[in-house]
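Topology and contacts: notes
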Amino acid sequence: MTESVPILKIGTTLLVSIQVDLQDDTALQLQEDLADRITRTGARGVIIDISGLEIVDSFIGRMLAAVAAISRVLDAQTVVVGMRPAVAITMVELGLSLGGVRTALDVERGLAMLEPDEESAEDVLLAAAAEREQR
Amino acid sequence: MPPVAMQSLAQILTDHADAVRSAWITAVADELRGRTSRGELEREQADIFDALVEGLQRGGERIGDEPFDQLRGILSDVSSARARLGFTPRETAVGVFALKEGLYGLSAQGVTTDVTPLLRLVDELGLFTFESFAAAREAIIVEQSEQLLELSTPVVKIWEGVVAVPLVGTLDSARTQVVMETLLNTLVETGSAHAIIDITGVPAVDTQVAQHLLKTVVAARLMGAECTISGIRPQIAQTIVALGIEFGDIRTRATLADALVDALRSDRRTAATVLA
């Protein structure tokens, strides 16, 4: 039995805070759980806080990119936040780049990035229904 | 071999009809225990036996000969009926092969004639039964896949200007063709600017299925309609990413509801731009 990383839901955003270095299977589990939760909750954004990570190896890097790709298919955006300077330097030196993943300094800025700039689903449906009645 | 021999064999069969048939039916009943009633088996066997004797009397030697036309008809009816009832090939073929049990018993009853031609004929009958069985199975499969094709491609209008195709089952090129045609036709008929392809009922998405989906979306776009793929389950999202399938700028949504809201939203946006 592997430990699983908790996924918190704030509005239409899912927040994952990774506090300790991940085992490979925990990382894969997280990837599955996230896909599950996005579909179930209809979340529009995913924030992955990696401020607790001291090492990001190629496996974790690939996992982050995969999560971003999966959420894109499910119409959610992914932001990776809180990368430590040392981690960033190592990653650059190792030639690892998080292709296709957006990043932000901290959770707050990440949340701001994901702020919905469009009306909510309910508003759209209500407006369309009203319009239909007028006709 | 002169036809006379076959006719004398027919005579032997008629003379020992009771013994042959009872050994035959016991062997079949053993194999089909519980699958069918003894009375039914007896009726079936009486038909086969009579047709066989008659064919022999009229000089038939091989199963393909004209005197055996009736026998072939009966056998193919019996085996296709069994195929439809879900009998196994073994259970079907044994109905004919067990006739040999009766023929083996003949020598014990003092018959000295060589019955080898009859045994050979029974083998041919058995093979024929099996062929009919397989043909009936094939026919069932073809029938079912046609039904499936018709059943599985409804296009529903879910809002003014929005149509959806809920796909159920695996996508192959034949189905893609049907889906594409019905979808595009409905787009024109209903004057819809949005199409949603819902793949909740598609068990797996591999590169080929994705290819088919992409084709449909591109075709809809060529007609000036916006096409969204919805109903992507978590596992499927993972497979898509793992296989490196690129949907490019095609919109994908988790649920049909999301896709609908999205279509309405983009409608409003267009309306706003036009008004401005």
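A short tour of the structure in this document, coming up. (Residues numbered from 1 in each chain as written. Chains lettered and ligands numbered in written order. Predicted model: local features only at pLDDT ≥ 70, side-chain atom pairs only at ≥ 80, totals over all residues.)

1. Here's the deal with unusual backbone geometry
- Of note, A:Asp75 is a non-glycine position whose phi angle comes to about 65°, a positive value.
- Within the secondary structure, A:Asp75 sits in the loop between helix 2 (58-73) and strand 4 (77-81). (Helix = DSSP H or I, 4+ residues; strand = E, 2+ residues; numbered from the N terminus.)

2. A closer look at the interface of chain A and chain B
- Each partner contributes residues to the interface: chain A has 19 residues there, and chain B has 19 residues.
- Elements with a contribution of two residues or more to the side of chain A that touches chain B: helix 1 (24-41), helix 2 and helix 5 (121-134) of chain A.
- With six residues, the single largest contributor to the side of chain A that touches chain B is helix 5 of chain A.
- When the residues that make up the side of chain A that touches chain B are grouped by side-chain class, the tally is 12 nonpolar, two polar and five charged. (Contact = placed C-beta atoms within 7 Å. Nonpolar A, V, L, I, M, F, W, Y, C, P; charged D, E, K, R; others polar.)

3. A short note on the pairing of strand 2 (residues 162-168) of chain B
Residues and elements named next belong to chain B.
- Strand 2 sits mainly inside the fold: six of its seven residues count as buried.
- Counting the residues in the hairpin turn of strand 1 (residues 156-159) and strand 2 gives two residues, including glycine 161, whose phi is positive at 85°.
- Two strands pair when backbone bridges link them, and strand 2 and strand 3 (residues 194-201) are joined in this way by six bridges, in the parallel orientation. Within strand 3, the position partnered with valine 162 by the bridge is histidine 194.
- Viewed along the sheet, the connection from strand 2 through helix 8 (residues 173-190) into strand 3 turns out right-handed. (Buried ≥ 20, exposed ≤ 12 C-beta atoms within 10 Å, placed from the backbone. Pairing = 2+ DSSP bridges. Right-handed = clockwise from strand over helix to strand, strands pointing away.)

4. A closer look at the environment of B:Ala259
Residues and elements named next belong to chain B.
- With respect to the helices and strands, alanine 259 occurs in helix 11 (residues 256-275).
- Classification of alanine 259 by C-beta neighbours within 10 Å gives buried; the count is 27.
- For the pair alanine 259 and threonine 228, spaced 31 residues apart in the sequence, the C-alpha separation amounts to 6.7 Å.
- For alanine 259, the contacting residues outside a window of four places in its chain are Ile196, Thr228, Ser230 and Arg253.

5. Some words on the sheet that holds strand 4 (residues 226-230) of chain B
All names here are of chain B.
- Strand order across the open sheet formed by five strands is 1-2-3-4-5, with mixed pairing between neighbours. Sheet topology places strand 1 and strand 5 (251-252) at the edges, where each strand pairs with a single neighbour.
- Bridge analysis of strand 4 against strand 5 gives two bridges, and the strand direction is parallel. When the bridges of strand 5 are listed, isoleucine 229 appears paired with threonine 252.
- Where helix 9 (residues 207-222) meets the sheet, it contacts strand 3 and strand 4, and its direction lies at approximately 155° from that of strand 4. (Axes fitted to C-alpha atoms, helices over the stretch in contact; angles between N-to-C directions.)

6. Focus on the packing of helix 2 of chain A against helix 10 (residues 234-243) of chain B
- Between helix 2 of chain A and helix 10 of chain B, the least distance of the axes is 9 Å, while the angle of their chain directions is 125°. By the angle between their axes, helix 2 of chain A is oblique relative to helix 10 of chain B. Taken as a pair, helix 2 of chain A and helix 10 of chain B cross one another with a handedness that is right-handed. Contact residues: helix 2 of chain A offers A:Ala66, A:Ala69, A:Ile70 and A:Val73, while helix 10 of chain B offers B:Ala237, B:Gln238, B:Ile240 and B:Val241.
- Class assignment of the residues belonging to the contact of helix 2 of chain A with helix 10 of chain B gives a composition of seven nonpolar, one polar and no charged. (Parallel < 35°, antiparallel > 145°, perpendicular 65-115°, else oblique. Left-handed = near helix turned anticlockwise from the far one by under 90°.)

7. Some remarks on the sheet that holds strand 4 of chain A
Residue and element names in this part refer to chain A.
- With mixed pairing, five strands are arranged side by side in an open sheet as 1-2-3-4-5. Where the open sheet ends on each side, the last strands, each with one partner, are strand 1 (7-10) and strand 5 (102-104). Across the sheet, the mean angle separating the axes of adjacent strands is 25° when strand polarity is ignored.
- The strands touched by helix 4 (residues 107-114) within the sheet are strand 2 (13-17), strand 3 (45-49), strand 4 and strand 5, with strand 4 carrying the most contacts at an inclination of about 165°.

8. Observations concerning the nonpolar core
- If you look at the biggest cluster of nonpolar residues, it comprises 65 residues, and the most contacted ones within it are A:Ile38, A:Val46, A:Ile48, B:Ala195, B:Ile197 and B:Ala237.
- If one sorts the elements of this core by residue count, helix 2 of chain A sits on top with eight residues.
- Every residue in contact with A:Ile38, bar those within four places of it in the chain, is listed here: A:Leu14, A:Ala43, A:Val46, A:Ser71, A:Leu74, A:Ala76 and B:Ala254.
- Listed in part, the 29 residues of the second largest apolar core include B:Leu13, B:Val20, B:Ile48 and B:Leu71. (Core = buried A, V, L, I, M, F, W, Y, C linked by C-beta atoms within 7 Å.)

9. A few points about the packing of helix 8 of chain B against helix 9 of chain B
All names here are of chain B.
- The geometry of helix 8 relative to helix 9 is characterised by a closest axis approach of 10 Å and an angle of 20° between their N-to-C directions. If you check the angle between helix 8 and helix 9, you find them roughly parallel. Where helix 8 crosses over helix 9, the handedness of that crossing is right-handed. Contacts between helix 8 and helix 9 involve Ser173, Thr176, Val179, Met180, Leu183, Leu184 and Leu187 from the first element and His212, Lys215, Thr216, Ala219 and Ala220 from the second.
- Grouping the amino acids of the contact of helix 8 with helix 9 by side-chain chemistry returns seven nonpolar, four polar and one charged.

10. Section: the environment of B:Ala263
Residue and element names in this part refer to chain B.
- Note that alanine 263 resides in helix 11.
- For alanine 263, a count of 28 C-beta atoms within 10 Å puts it in the buried group.
- For the pair alanine 263 and threonine 228, spaced 35 residues apart in sequence, the C-alpha separation works out to 8.4 Å.

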